[in-house]
Amino acid sequence: MDCRMYETMVSIRSFEMMLQELSRKGVLRGSIHFCIGQEAVAAGVCAALTAGDCITSNHRGHGHAIAKGARMDFMMAELLGKATGYCKGKGGSMHIADLDLGNLGANGIVGGGIPIATGAALGFLQLGLPHVAVALFGDGAANQGSFHESLNLAALWKLPVVFICENNQFGMTTRLAEASAQPDLCKRAVAYNIPGVKADGMDAREVRRVTAEAVERARAGKGPALVVLETYRFEGHYIGDPVVYRTKEETADWKARDPIPRQREYLLKTGLATETELDRIHADVAGRLEEAVLFARNSPDPDPSELVSDVYSE
Amino acid sequence: MRDLTLSQAINEALAEELERDPRVFLIGEDIGLHGGAFGVTKGLFSRFGPDRVRNTPISEAAIAGAAVGSALVGARPVAELMYIDFITIAMDQIVNQGAKVKYMFGGKARVPMVLRAPFGAGRANAAQHSQSLEAWLCHVPGLKVVMPSTPADAKGLLKSAIRDDNLVVFLENKHLYFQKGPVPEGEYAVPLGVADIKRPGRDVTVVATARQVHAAISAAEALAKEGIEVEVLDPRTLWPLDTETIIASVKKTGRLVTVHEAVKRFGFGAEVAAIIAESEAFDYLDAPIRRVAGAEVPVPFSKSLEDLFLPDEHKIIDACKAVLA
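Residues numbered from 1 in each chain as written. Chains lettered and ligands numbered in written order. Predicted model: local features only at pLDDT ≥ 70, side-chain atom pairs only at ≥ 80, totals over all residues. Heavy atoms only, no water.

This brings us to the overall build of chain A. Within chain A one finds twelve helices and seven strands. Relative to a compact globule of 314 residues, whose C-alpha radius of gyration would be 20 Å, chain A shows 19 Å and is just as compact. A principal-axis box enclosing the C-alpha atoms of chain A has dimensions of 55 × 50 × 40 Å. Every one of the 314 residues in chain A was classed for burial, and the buried ones make up 58%. Sequence separation of at least 24 residues holds for 73% of the intrachain contacts in chain A that already meet a minimum separation of 6. For chain A, the exposed surface amounts to about 12700 Å²; the carbon and sulfur share of it is 52%. Here chain A carries 33 positive and 39 negative side-chain charges, and the mean point of each set is 3 Å from the other. (Helix = DSSP H or I, 4+ residues; strand = E, 2+ residues; numbered from the N terminus. Rg over C-alpha atoms; globule rule 2.2 N^0.38 Å. Buried < 20%, exposed > 50% of the residue type's maximum accessible area, 1.4 Å probe, protein only. Contact = heavy atoms within 4.5 Å. Areas by Shrake-Rupley, 256 points an atom, 1.4 Å probe, with all protein chains shown as cover. Lys, Arg positive; Asp, Glu negative; His and termini not counted. Charge placed at Lys NZ, Arg CZ, Asp CG, Glu CD.)

Here is the structure:
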């Protein structure tokens, strides 16, 4: 499990670094939001879930998709708008979904996935399924009405859902303290009579531990919890963001807490993996990524007939 | 056949679908013991219990999201908004999420849900409880929009809507809730996307929706005394729209009047007029098309003003005479 979380984080970091390279080459179109620095959240949360559990993600969702088991080749093809992509090239970066894997989708609307995760949890209850839904959203989304309405309904009905707030400190360029009257977001849980937990979002094992507790509680019918994971995006909000809203020193402090070297150190110290084994993980990921880029670049564009298909179910 | 109100017909459809399919459940404000603001779900809470008839807080975004999310994992929710005006609070879940996920995800998602809501003016509910917002919804690819005019159609169309794998918005005119009409005994469904000619005629086609179908029939009866034969066409489903039946009717009569309660500009009537203008029926037109619609104002409270706001039999008669002049 600990090695797998490491591999997940390395995959996410490598995937997004490849996107940066492709962007510099002018191959990528559209809005891309990077989660570099936040990999421990995706890896830790998804490691606490079992088959059948589902997530809703957000506009910064590449990491969540990979951690929930998405294939890098289909993701890369989607980002390049190809017919072989997860959404046949119709969704792009902000709408990657794989319902079979329990990823109910990234989302372009801040806070848009929170009611959907709540609804999925309700659906599991209605259908008598033992699954849990997890809403992944940022600190920005915590000020949307959809957050408050969802937490209230989920708490009222004791729905099997866990609300994971990935506090990366900024809603686009606005610092949390300038956006939220109560910057200690887990205190919001008090208002809905549910547990509120704050944890280090730069530590994958800690993330997995607090998530697993909340997930098992929800699965046992005891209702939702709010988990706030303190993290940081190392990159700007988007490619080309001049990042005028924070200091280099602050970013450097957070980079010193990079979740990937931290997990590597842990694996080596405890003897769970050797240098050779970890190097092999990096090599494997690099190989798969290279294949993914080749696959995506060699894939065809969507057929023109795809413009009008998939609007309605038959 | 027996006579039921539209409200009773909808109640019957809901009960039959709850009985037929364990994945179906109802969700909405005050729909529990109280039976909903208009009494449509009366008796269902006692019969099916609180898990199948879910009484919610006043929380439209959460209701819509609960429906979209549960539909995505295989349930078949029927959500009720107390008034269509409240859809503004739920709009993100309906328009950005529910309507689009199938397309955005390359066809993999399904959102088999129904969003029911009363609409329409004439009950002294003023500007925030009286609107007809169907055109907003028809404008969003991914949504289906249904608007019945009779109890029999309402029951049959709702059963089709619940069995449909798409997000269907089902709009119920408040006045019609209390109007009775014959409803067949036993199991039946009315397919979505099929118009119904409520009264055949050769001189002018009136395409009317919901309560205005009845106003159009009254107008047709009055005009028949003057030897004018009006064809009253009820599209029943606004999207998918049965354009074939509309085009065939206009080709036959050569004249078209559209009627709805929503304000005229950019409304359903404008779409019907444009469809005719783009079709082979255009060459058959003997007069310009006329649109009868709600006044272009927020719905007023005072009866004297609200009556002026609404279309009625007399406005339809005037429009028919104008296209026949």
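Counted under the stated rule, the structure contains ten aromatic pairs over all chains. With centroids separated by 6.3 Å and ring planes inclined at 70 degrees, the aromatic side chains of Tyr 177 of chain B and Phe 178 of chain B adopt a geometry described as edge-to-face. Judged by its relative accessible area of 1%, Tyr 177 of chain B falls in the buried class. Relative accessible area serves as the criterion here: at 47%, Phe 178 of chain B is assigned to the partly exposed category. The rings of Phe 38, Tyr 83, Phe 86, Tyr 177 and Phe 178 of chain B are connected pair by pair, giving a single aromatic cluster. Stacked on the ring of Phe 74 of chain A, the Lys or Arg Arg 71 of chain A has its end atom at 4.1 Å from the ring centre. Across from the ring centre of Trp 157 of chain A, 4.7 Å away, lies the NZ or CZ of Arg 54 of chain B, which sits over that ring. (Phe/Tyr/Trp six-rings, centres within 6.5 Å; stacked < 30°, edge-to-face > 60°. Lys NZ or Arg CZ within 6 Å of the ring centre and 35° of its normal.)

We now examine the sheet that holds strand E11 (residues 230–234) of chain B. All names here are of chain B. Strand order in the open sheet made by the five strands is E9-E11-E10-E13-E14, with mixed pairing throughout. In the strand order of this sheet, the two ends are held by strand E9 (196–199) and strand E14 (290–294), each with one partner. Recorded for the sheet is a direction-independent mean angle of 25 degrees between the axes of neighbouring strands. The pairing of E9 with E11 spans three bridges and is classified as antiparallel. (Pairing = 2+ DSSP bridges. Axes fitted to C-alpha atoms, helices over the stretch in contact; angles between N-to-C directions.)

In this section: the domain arrangement of chain B. Residues and elements named next belong to chain B. According to the domain assignment, chain B contains domain 1 (2–183) and domain 2 (196–324). The straight-line distance from the C-alpha centre of domain 1 to that of domain 2 is 26 Å. Facing the 28 residues of domain 1 at the interface are 25 residues of domain 2. Roughly 2000 Å² of surface becomes buried between domain 1 and domain 2 when both sides are summed, with 61% attributable to carbon and sulfur atoms. Counting the surface domain 1 buries against domain 2, the share from its top three residues, Ala 121, Met 147 and Ser 149, is 23%. In this structure, the connection of domain 1 to domain 2 is made through two salt bridges. For the salt bridge of Asp 153 with Lys 198, the shortest nitrogen-to-oxygen distance reads 2.6 Å. (Domains from an automatic or database assignment. Buried area = accessible area lost by both parts, 1.4 Å probe. Salt bridge = Lys/Arg side-chain N within 4 Å of Asp/Glu carboxyl O.)

Attention shifts here to the nonpolar core. Formed by 165 residues in total, the largest nonpolar core has its most connected members in Met 76 and Leu 226 of chain A. Ranked by residue count, the leading element in this core is helix H1 (residues 2–24) of chain A, at nine residues. Mapped onto the domain boundaries, this core takes at least three residues apiece from domain 1 (2–183) and domain 2 (196–324) of chain B. Counting residues in hydrophobic clusters, the runner-up holds 21 residues, among them Val 206, Leu 223, Ile 228 and Ala 319 of chain B. (Core = buried A, V, L, I, M, F, W, Y, C linked by side-chain atoms within 4.5 Å.)

This brings us to the packing of helix H6 (residues 145–156) of chain A against helix H3 (residues 60–72) of chain B. Between H6 of chain A and H3 of chain B, whose axes approach to 8 Å, the crossing angle comes to 70 degrees. As far as their axial angle goes, H3 of chain B and H6 of chain A are roughly perpendicular. With respect to the hand of their crossing, H6 of chain A and H3 of chain B are arranged in right-handed fashion. Between H6 of chain A, through Glu 149, Ser 150 and Leu 153 of chain A, and H3 of chain B, the contact on the second element is made entirely by Glu 60, Ala 61, Ala 62 and Ala 66 of chain B. Of the residues belonging to the contact of H6 of chain A with H3 of chain B, the class tally is four nonpolar, one polar and two charged. (Parallel < 35°, antiparallel > 145°, perpendicular 65-115°, else oblique. Left-handed = near helix turned anticlockwise from the far one by under 90°. Nonpolar A, V, L, I, M, F, W, Y, C, P; charged D, E, K, R; others polar.)

For the structure on display, the rule yields 51 salt bridges over all chains. Glu 250 of chain A is the salt-bridge partner of Arg 175 of chain A, the closest N and O atoms lying 3.0 Å from each other. Separated by 75 residues along the polypeptide, Arg 175 of chain A in strand E5 (residues 174–175) and Glu 250 of chain A in helix H10 (residues 248–255) bring together distant segments of the chain. Here Arg 175 of chain A falls in the partly exposed class, since its relative accessible area comes to 27%. The exposure class assigned to Glu 250 of chain A is buried, which follows from its relative accessible area of 19%. Linked through salt bridges whose partners overlap, the residues forming this network are Arg 2, Glu 12, Glu 16, Glu 17, Arg 20, Lys 155, Lys 159, Arg 163, Glu 185 and Glu 187 of chain B.

Packed helices, taken two at a time, are described by their axes: the angle between them and the distance between them. All names here are of chain B. Contact geometry of helix H9 (residues 243–253) with helix H10 (residues 268–278) gives a least axis separation of 10 Å together with a crossing angle of 65 degrees. Comparing their axes, H10 and H9 come out roughly perpendicular. Between H9 and H10 the crossing geometry is right-handed. Residue-level contacts link Thr 243, Ile 246, Ile 247 and Val 250 of H9 to Val 272, Ile 275 and Ile 276 of H10. Among the residues making up the contact of H9 with H10, the classes are represented as six nonpolar, one polar and no charged.

This part covers helix H12 (residues 313–324) of chain B. All names here are of chain B. Over its twelve residues, H12 extends 16 Å from the first C-alpha to the last, a length consistent with the 16 Å expected when each residue adds 1.5 Å. Looking at H12, one finds that the buried residues are Ile 316, Ile 317, Ala 319, Cys 320 and Val 323. One face of H12 carries all of its buried residues, which in axial projection span an arc of 165 degrees. Exposed and facing more than 90 degrees away from the buried side of H12 are His 314 and Asp 318. For H12, the elements touching its buried residues are strand E10 (204–208), helix H8 (211–224), E11, strand E13 (256–263) and E14. Two or three places before His 314, at the start of H12, stands the capping residue Asp 312, its side-chain oxygen 3.1 Å from that residue's backbone nitrogen. (Expected span 1.5 Å × (residues − 1). Arc of directions from axis to C-beta. Polar contact = N/O pair within 3.5 Å; in protein donor to acceptor, adjacent residues only side chain to side chain.)

Another aspect to go through is the environment of Arg 199 of chain B. Residue and element names in this part refer to chain B. Tracing the backbone through its elements, the reader meets Arg 199 in strand E9. Expressed as a C-alpha distance, the spacing of Arg 199 and Ala 216, which sit 17 residues apart in the sequence, is 9.4 Å. Not counting the four nearest positions on each side in its chain, Arg 199 is found in contact with Ala 220, Glu 221, Ala 224, Glu 229, Val 230, Glu 231 and Val 232.

This part covers the sheet that holds strand E3 (residues 161–167) of chain A. Hydrogen bonds between backbone atoms are what pair the strands of a sheet, whose relative direction is either parallel or antiparallel. Residue and element names in this part refer to chain A. Reading across from one edge, E1-E2-E3-E7-E6 is the order of the five strands in this open sheet, with parallel pairing throughout. The open sheet is flanked by strand E1 (54–56) and strand E6 (196–200), the only strands paired with a single partner. Along the sheet, successive strands turn relative to each other by an average axial angle of 20 degrees, direction set aside. Two elements, E3 and strand E7 (residues 225–230), share six bridges in a ladder whose sense is parallel.

All names here are of chain B. Judged by how many residues are buried, E11 sits mostly within the fold: five of five residues are covered. Neither face of E11 is open: one carries Val 230, Val 232 and Asp 234, the other Glu 231 and Leu 233, and all of them are buried. As paired elements, E10 and E11 share four bridges and run parallel to each other. Within the sheet, the bridge partner assigned to Thr 205 lies in E11 and is Glu 231. The parallel pair E10 and E11, bridged by H8, forms a crossover whose chirality is right-handed. (Right-handed = clockwise from strand over helix to strand, strands pointing away.)

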